[in-house]
Structure formats: structure tokens, C-alpha cells
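Understanding the architecture of this molecule
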Amino acid sequence: MKTRKLGSQGLVVSAEGLGCMGMSAFYGPSDEQESLSTLAHAIDVGITLFDTAEVYGPFKNEQLLAKAFAGKRDKVLIATKVGFEVTDEGERLASVNGRPDYIRKAIDRSLRHLKTDHVDLYYLHRIDPKVPIEDTVGTLGDLVHAGKVRTIGVSEANAETIRKAHKTFPLTAVQTEYSLFERGVEQNDVLKTVKELGIGFVPYSPLGRGFLTGEFRNMAKLADNDFRRGDPRLQGENFEKNLKLVDGIEALARRKGVKPAQLALAWVLAQDTVPIPGTRRIKYLDENIAATDIELSADELAELDAIAPVGAAQGERYPAGSMSALNH
């Protein structure tokens with residue numbers, strides 16, 4: 001597995017990480033043993049960056065990783081997140097909470113669930129508009145000094161917030177949705193800002209929540225409790241229009257002799273990022289990893305720009321309630 005420097009604070013990670021959310025939440029039923037097997041395989045093939053959050057479950061995903069990483073902690077880099085408020089009983093509240101007291105409580109809780117004495121990357125999952133970013137990030141910096149956290153980052157922050165946060169304490173990474181299906185960070189100066197400041201960029205949903213794989217062309221395959229059933233981009237007319245983007249990606253993938261998902265991941269990798277595609281299955285994990293060896297020519301990159309230009313996807317990327325939590 002190739003490696004990449006993530007940011008300027010000394011963190012070196014596998015060129016592609018693994019998003020673990022779907023093993024415990026939001027994507028319908030999952031099989032714990034299958035997830036544990038996939039996590040073990042990921043370590044064996046050289047993936048080092050594993051992405052989770054206390055809200056995934058809540059707590060269940062961090063606890064799953066604790067099982068998977070028992071006796072292997074020196075082989076993995078754990079990224080977890082704080083921000084969506086969760087009670088100690090595991091009830092997710094409606095609010096985003098970036099208060100220093102909650103941050104300090106949450107890191108100790110995550111360390112217990114992960115059964116480790118530190119996390120390698122601790123993200124602020126969402127920006128709390130009621131708390132100055134300097135106060136929240138200052139607390140994250142205190143956790144670094146205390147040895148509970150190695151490096152810090154923010155998720156779904158706008159360019160101004162990133163600058164304020166980085167000035168308060170150096171950010172290693174910014175995590176935001178980014179793919180051929182969602183290129184907003186190219187328009188709102190987020191990508192430009194992180195490159196200017198030497199901050200790493202970690203795209204989540206680099207396969208458009210699975211849409212860019214071409215594996216489903218209707219909603220029938222999705223479990224009743226799969227959150228994608230409410231995704232505005234997968235509804236009615238939007239769904240049909242967005243399928244045309246997938247058609248174009250599939251056509252180029254066929255000519256290149258790769259899978260659409262691999263082509264989509266190769267494009268994200270070509271933007272000098274560290275994507276974290278999620279999967280619960282070894283088969284798809286191996287397919288995703290193969291994308292790190294795919295080289296795209298200037299002509300192919302230009303063709304993908306034409307197939308899926310900035311702003312091409314139809315519909316908002318989240319329902320209204322979730323969109324309101326984004327700092328954009």
C-alpha cells in the first residue's frame with residue numbers, strides 16, 4: 001500500500017483509508033463477524049487509517065474497532081470525531097455540541113470505547129455555531145498536549161472557519177464530502193484553503209454513497225432503514241438525471257478496463273487527497289484498494305471533468321435538517 005503525508009504535523013497514512021461508519025450505522029443491517037473479517041483484511045493489506053465517530057451507533061462503531069484492533073494497535077491509525085451530542089446512555093440528541101466541557105468528556109468516553117490511550121486524529125464532526133471555533137479547537141489542542149490525541153481536524157467547515165481553527169491550533173486534516181458526485185469544495189475555497197495552509201484533505205463518500213459504483217439503479221436494493229432512502233439526490237427526477245453521470249463514468253471505466261468505483265476513486269486520489277471509502281465486504285475493499293494503482297492521463301481527467309463537472313449533480317446532498325448543520 002502506498003502512503004501519503006496527511007497535513008504538515010507528521011502524520012503518514014495509507015493512500016486510502018477505510019470509512020467504518022456503515023459497519024454499525026445508517027446503511028441498514030450489518031454482520032459483525034463480516035465487519036471484523038474485513039477490518040482484519042484491511043490491516044493485512046496495508047490500510048492504516050480507520051475512520052469512525054462516537055455518533056456511529058452511537059458508540060457501537062468505536063466498540064467494534066476496539067475488538068478488531070485488540071493486539072494490533074501499533075498497526076493502525078484511528079480517527080474519530082466529536083460534535084453530535086450523545087448522552088452516556090447512547091442517545092443521540094438533536095444538537096451539535098462544541099463546548100469545551102463536552103469535548104473533554106467525549107474524548108475520555110471514546111478512549112474507553114476504543115480501548116486505547118490515545119487517538120491519532122480527532123475531528124470536530126460539525127461546527128457548533130453557538131461556540132467560538134477558537135474555544136473548541138483550543139480544547140482539542142489541549143488534548144494533544146495531554147497526550148490523548150496526536151493530531152486534530154475539522155469536518156464540514158467553511159474556508160473562514162478552517163483559517164480561524166488552524167490559527168488557533170494546527171490542523172492535520174479537513175474532512176468533507178468530495179467525489180465526482182459532489183465537488184462543492186472546489187467552488188467554496190475549501191480545497192484551495194487547505195492546500196495553501198498545508199492541511200490534509202480527507203474526502204468522505206468518495207463514491208457518492210455508493211451511487212458511483214453503478215451497482216444500484218433503483219431504491220429496491222436498499223434496506224428500509226438505509227438513510228439513502230431519504231437522500232434528495234436519489235429521489236425521482238434527480239435520481240434519473242444523476243444516473244446519466246454514472247453512465248458516463250461507466251463508459252470511460254469500460255474503455256479503461258476498470259470498475260466505475262475504481263475510476264471514481266482514482267479521480268479523487270488524483271486530487272492529492274486521502275479518501276476513506278466505506279465498505280463492509282472484503283471483495284469491495286480489495287476493489288477499492290486497487291484504485292491506488294490506477295493512473296489517469298490528462299485526457300482522462302479532462303473527460304471526467306466533462307462527464308461530471310462542478311455542480312452537475314441534481315439535488316441537495318442531505319435532507320434539509322442535515323444541510324442546516326453544515327458550516328457552508
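Below or above, wherever it landed, is the structure these notes cover. (Residues numbered from 1 in each chain as written. Predicted model: local features only at pLDDT ≥ 70, side-chain atom pairs only at ≥ 80, totals over all residues. Heavy atoms only, no water.)

Some points on the packing of helix α1 (residues 32–44) against helix α9 (residues 282–290)
Packed helix pairs are characterised by how far apart their axes lie and by the angle those axes make with each other. Where α1 meets α9, the axes come as close as 9 Å, and the angle between the chain directions of the two elements is 30°. The angle between the axes of α1 and α9 places the two elements in the roughly parallel class. Read as a crossing pair, α1 and α9 show a hand that is right-handed. Residue-level inspection shows Ser37, Thr38, His41 and Ala42 of α1 in contact with α9, the latter providing Ile282, Leu285 and Asp286. (Axes fitted to C-alpha atoms, helices over the stretch in contact; angles between N-to-C directions. Helix = DSSP H or I, 4+ residues; strand = E, 2+ residues; numbered from the N terminus. Parallel < 35°, antiparallel > 145°, perpendicular 65-115°, else oblique. Left-handed = near helix turned anticlockwise from the far one by under 90°. Contact = heavy atoms within 4.5 Å.)

Let's talk about helix α6 (residues 190–197)
Within α6, the full set of buried residues consists of Val190, Leu191, Thr193 and Val194. Along the axis of α6, the buried positions cluster into a sector of 165°, meaning they face one direction only. Pointing more than 90 degrees away from the buried face of α6 are the exposed residues Lys192 and Lys195. Buried residues belonging to α6 abut α5 (159–168), β10 (173–177) and β11 (200–204). Phi turns positive one or two residues past the end of α6, at glycine 198, with a value near 75°. (Buried < 20%, exposed > 50% of the residue type's maximum accessible area, 1.4 Å probe, protein only. Arc of directions from axis to C-beta.)

Section: the packing of aromatic side chains
Centre-to-centre distance and the angle between the planes together describe a pair of aromatic rings. Under the counting rule described, the total for this entry stands at 5 aromatic pairs. For the pair phenylalanine 50 and phenylalanine 69, a centre-to-centre distance of 4.9 Å together with 65° between the ring planes defines the contact as edge-to-face. You can see phenylalanine 50 sitting in strand β4 (residues 49–51) and its partner phenylalanine 69 sitting in the loop between α2 (60–68) and β5 (77–82), a full 19 residues away along the chain. Judged on exposure class, the residue phenylalanine 50 and its partner phenylalanine 69 are both buried. An aromatic cluster is built from Tyr178, Phe201 and Trp267, whose rings are joined through pairwise contacts. (Phe/Tyr/Trp six-rings, centres within 6.5 Å; stacked < 30°, edge-to-face > 60°.)

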